[in-house]
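Summary of the model geometry
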Amino acid sequence: VIHQPSGAVFNLFDDLLLLSEGSLVYYGDTKSVPSYFRGVGHPCPTQVNPGEFCLDLISVNHESKQTEAESKDRIRHLA
């Protein structure tokens, strides 16, 4: 388990397993992450570390009840 790896470390991974809220969000080749998430409506900006992007995408945002509900809905959609 590595939490929020640098871009250099992330690019060394062969495979990636992403879990959120107890559900599988992604399992596959690390190089396929950007195209996978682009295909499900969440493109990774080119200037963003894919590892950081994934963590932001699959994390619950507790800033407010609205952002928490929105992020939980997004996670349910991805899982």
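As a starting point, this report considers the structure included with it. (Residues numbered from 1 in each chain as written. Predicted model: local features only at pLDDT ≥ 70, side-chain atom pairs only at ≥ 80, totals over all residues. Heavy atoms only, no water.)

1. Here's the deal with the pairing of strand β1 (residues 15-20)
Side chains of β1 alternate between two faces, with Leu16, Leu18 and Ser20 buried and Asp15, Leu17 and Leu19 left unburied. In the sheet, β1 pairs with strand β2 (residues 23-29) via six bridges, with the strands oriented antiparallel. Its bridge partner being in β2, leucine 17 is matched across the sheet by tyrosine 27. (Buried < 20%, exposed > 50% of the residue type's maximum accessible area, 1.4 Å probe, protein only. Helix = DSSP H or I, 4+ residues; strand = E, 2+ residues; numbered from the N terminus. Pairing = 2+ DSSP bridges.)

2. Quick notes on the nonpolar core
Across soluble globular proteins, nonpolar side chains show a tendency to be buried alongside one another. With 14 residues, the main nonpolar core has Leu16, Leu18, Val33 and Phe37 as its most contacted residues. Contributions of two or more residues to this core are made by β1, β2, α2 (33-39) and α3 (50-58). For this core, the element with the most residues is α3, which contributes four residues. Apart from residues lying up to four places away in sequence, valine 33 is in contact with Phe10, Leu16, Tyr26 and Cys54. (Core = buried A, V, L, I, M, F, W, Y, C linked by side-chain atoms within 4.5 Å. Contact = heavy atoms within 4.5 Å.)

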